[in-house]
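Now for the letters of each chain:
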Amino acid sequence: MKSLRVELNEGRTTYRPGGELKGRVVWTAAEIPETLQVSLLWFTKGRGTEDAEIVDQVVLHAPGLSGDRAFSFRLPLSPYSFSGRLISLLWVVEAVLREPEEIARQEIILSPSGEEIDLTGMP
Amino acid sequence: MLGLSLFFGLFLFMGLLFTFFLVREGLTTLNTYRWVDTPCRILESGVEIRDSNETPYRFIVQYNYEYKGERYVDSTYRRSYDGGGDYTKAFRLTRAYPAGGEAVCFVNPGNPQEAVLKREPPWMLLFIFLPLVFVAIGGGGLYAVWSKRWKSKSITSRASKKDPVRKEKKAKLLLGVFLLFMLLGGGFFWGLCLTPLKKIVTAGSRLEVPCTVRSSQVRSHEGDDSTTYSVDILYRYEVEGETYLSNRYGFIGGSSSGYHGKAAIVKQHAPGTRTVCYVAPEDPADAVLRKDFHPIYLLLLIPPVFFLIGLAGVYGQMKQLRAAPGQDRFLPADARHDEGFSVSESGPVTLKPSASPLMKWVGSIIFCLFWNGIVSVFVVQAWQAWKAGHTDWFLTIFLIPFVLVGLGSLLLVLYFFLALFNPRPRVTLGSVSLRLGDSTSLEWSVKGRRGGIRAFTIKLEGREEATYRRGTDTRTDKNVFVSLPVVVFDHGLPTGSGSAELNIPGGAMHSFTATHNKIVWYLKVHGEIARWPDIEDEYLLAIQPLPLERIQA
C-alpha cells in the first residue's frame, strides 16, 4: 500500500522568519521510485496568475521502496504569509515522490506574529 | 494532448521547413561571392512593361563577357530578380547599366555560362532566426506536452528556484529579445521608412511638371485571406529635354483593401489625361502624382514604435541586471534607490513620482498618435467609400468605438497638458530604509500657484496588484488594502510647506514583487483644484520585512 506524508516536529504549523523548520518525510511506494524531493516553497493564490518559488530543497536519489528521512530548513526573513482580497501567499513543505508521482504537503504560516497577515482587516 | 501535439508539431514542421529553405537559399547566395569578377559589356538595356499584377515593370539586360578565353552572353541581372511594381526602380537600372557601357559581372567558375551583374545581399541569412522561433515554439511545446514534469500536479514543478544566476540569465535573454526589437525596428525604419519620410518632409521643394498619362489600371494582389488593390498609373513627363516615365502615385507604394476608392483615382487618370506631377529637383527620375500628406504615411511610424519598445525593454532589463541580488523581492521595480531617490538610503531623501506630469503627457501623445494614426487609415477608407456612394456600413459601425477611444485620447492629451501647469509637490523623507513598524519624518512643499487648491492630502497606501490573462488580454486588478492619512488640508492649502510623521503599520505585509502578484506601498499626494486637472502623484516606497533581531526580541 503506497503512502507519503510530511510530519513537522511537534506538529508545529506556525513559524517565525529566520527560524528553523524540522520534520520528517515517511513513504511507502508501490514501485521503486527514482527520486524523493522535499521542498520548502511559497506560492500565491487568488486573482493573479500563480507565482511560486522554491526557497530550499533536499533531493534523495533512489530513496528505496519505503523509508523515513528527517529534514531541516532555515526559514528566510520573507515573504510573510498573508491573505488579501486579491492575493494570498502561502508557505508549504511539499514532498514529491517520482515515478509514479506521489505528493504530500504540509502548509505552514510564516510571519513575525505567528499568524497570517490579514490585509482585509486593516484600517 | 493529441490536439496540442498536432498544433505544436505543425509549428515545428513549418519552422524547420522555412529554416531549410532559408539556409539553402542563403548558402546559394553566399556561394555567388566566390564567383569571379569579370569585365562585361552591356549590349541591351531597357524596361519591359508586362501584363502582370505583381511585377509589371522589369529591367531587361543583355551583356557579354570573356572567361578563360571563351566568350559568353548572359541576360541575368540578379538571380532572384523578376521585376517589380515600381517603374522608376527598373528605369534607374537602365541608367546604371546603359547599353554600350562597361560593367563588372560575376561569373560562376564551375559553370562559366552562368553570370550575374549583381549578387544578392547576404543579409537574408539574418532572417533565419524568424523560422527558428517557430522551431523553438513547436519543439518546446511538444516537450512540454509530453514531458512528465508538465503533467505533474505538484507546486514544486511549477515553482521557480531562488537562483540569482538563473534570474540573471532570464534577464539577459529578455535583453536579447528587446535588442532584437530595436534592431528590427531600427533596421526597417532605416531601410524602408527613412527615404519616404525624407521625401514627405521635402515635398514642398518638388517641381510641378506637366505630365501625360500613358496607362492606368487598378492592380489586384491575391493574398491568403483576401485580395488587396493598388493604383498603377504610368505617366510620361519631360525634364530638360529628356523624357521620363514613372508610375509612382504617392511617396509610398503598397496595396490595401478598398477597390472603389482606387478605381475612382484610376478613372480620374484615364490614358491620355494631361495632369501635373511633382519631380524631385535633384533626381528627375523621381516623380509622384500626389505630394500632399496622406494618413497612410503614418504607417511609417510603426517601425520606430518597435524601436522604442525595444529601447524601453533594454532599459528595463539593464535596470534588473544592475539591481543588487535579493533586493528586488522587496523593492518595486521602479523604486530602487538609483531611480526613485536622489541621495543614499540612510539620509533624507527627496522622492521622485512614479510618473512625472511630463511623462504622462508624452505617453498620452504617443498613444494618441499611434491609435489615431492607425484608426484614421480606416476612417479615410470609410469616408472615401461614402463619398463614392458605396457606404461600407459594416466598416462604419465597426469603427465607431475605435473613433470614440481616439477622441478620448485627444481629451486625455489636453488633460495632461493642462496638468503640466499644476503646482508641483515635493516630498522628502528622513530615511527611505523603512521597515514595518518604523517611523520617519516627512517634509512636504508645494511650489507654484497654491491659491486654486481646494483640498490637499498625503496618504500612505498599500495596494495589492494581481495580473492575469483573460483570453488574449493581460489585466491587472488592484485593491488598496490600507489608506492612512499623513497630511490633511480640507479647506485650501494655507501654507506652502510643512512636516509630519510617517508611521509604517507594524502588523502589515512588507513590499513584495513577484511576476504576477505584488504588494506595493506608496505615498499618494492629491490636490483638488477647481475646474482644472487635480494634482495626482504617487511616490513608491520599499517597506522591508522586520530584521531578525526584532523578530527574536
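Just above, that's the structure.
Residues numbered from 1 in each chain as written. Chains lettered and ligands numbered in written order. Predicted model: local features only at pLDDT ≥ 70, side-chain atom pairs only at ≥ 80, totals over all residues. Heavy atoms only, no water.

Bringing the overall build of chain A into the picture now. Across its full length, chain A holds zero helices and 10 strands. Classification of the 123 residues of chain A by burial places 53% in the buried group. A sequence separation of at least 24 residues applies to 68% of the contacts in chain A between residues at least 6 apart. Of the roughly 5,600 Å² of accessible surface on chain A, a fraction of 46% belongs to carbon and sulfur atoms. (Helix = DSSP H or I, 4+ residues; strand = E, 2+ residues; numbered from the N terminus. Buried < 20%, exposed > 50% of the residue type's maximum accessible area, 1.4 Å probe, protein only. Contact = heavy atoms within 4.5 Å. Areas by Shrake-Rupley, 256 points an atom, 1.4 Å probe, with all protein chains shown as cover.)

With that settled, consider the pattern of salt bridges. Enumeration according to the criterion identifies 26 salt bridges over all chains in this entry. Arg24(A) is paired through a salt bridge with Glu7(A); the nearest N and O atoms lie 2.5 Å apart. Of this pair, Arg24(A) sits in strand S3 (residues 20-28) while Glu7(A) sits in strand S1 (residues 3-8), and the two are 17 residues apart along the sequence. On the accessibility criterion, Glu7(A) (26% relative accessible area) is partly exposed. A salt bridge links Glu242(B) to Arg95(B); the shortest N-O distance between them is 2.1 Å. Highlighted residues: Glu242(B) in strand S9 (residues 242-246) and Arg95(B) in helix H2 (residues 87-96), separated in sequence by 147 residues. (Salt bridge = Lys/Arg side-chain N within 4 Å of Asp/Glu carboxyl O.)

The next point concerns the sheet that holds strand S5 (residues 115-116) of chain B. Residue and element names in this part refer to chain B. The sheet built from five strands is open, its strands ordered S3-S2-S1-S4-S5 with antiparallel pairing. Sheet topology places strand S3 (70-74) and S5 at the edges, where each strand pairs with a single neighbour. Of the strand pairs in this sheet, strand S4 (residues 102-107) and S5 are connected by two bridges, and their pairing is antiparallel. Looking across to S5, one finds that Phe106 is bridged to Val116. (Pairing = 2+ DSSP bridges.)

Contact with chain A, which involves 41 residues of that partner, is made by 44 residues of chain B. Summed over the three residues of chain A that lose the most area to chain B, namely Glu53(A), Ile54(A) and Tyr80(A), the buried surface amounts to 15% of that side. Where chain A touches chain B, the interface holds two salt bridges. For Arg47(A), the salt bridge is made with Asp477(B), and the minimal N-O distance between the two is 2.4 Å. If you look at where chain A meets chain B, you find 19 residue pairs in polar contact (both at pLDDT 80 or more). Taken together, the elements giving at least two residues each to the side of chain A that touches chain B come down to strand S4 (35-46), strand S5 (52-61), strand S8 (87-98) and strand S9 (102-110) of chain A. Its residues placed into classes, the side of chain A that touches chain B shows 21 nonpolar, nine polar and 11 charged. Where S5(A) lies against strand S6 (residues 160-161) of chain B, two bridges are found, and the strand directions are parallel. Paired with Glu53(A) across the bridge in S6(B) is Ser160(B). (Buried area = accessible area lost by both parts, 1.4 Å probe. Polar contact = N/O pair within 3.5 Å; in protein donor to acceptor, adjacent residues only side chain to side chain. Nonpolar A, V, L, I, M, F, W, Y, C, P; charged D, E, K, R; others polar.)

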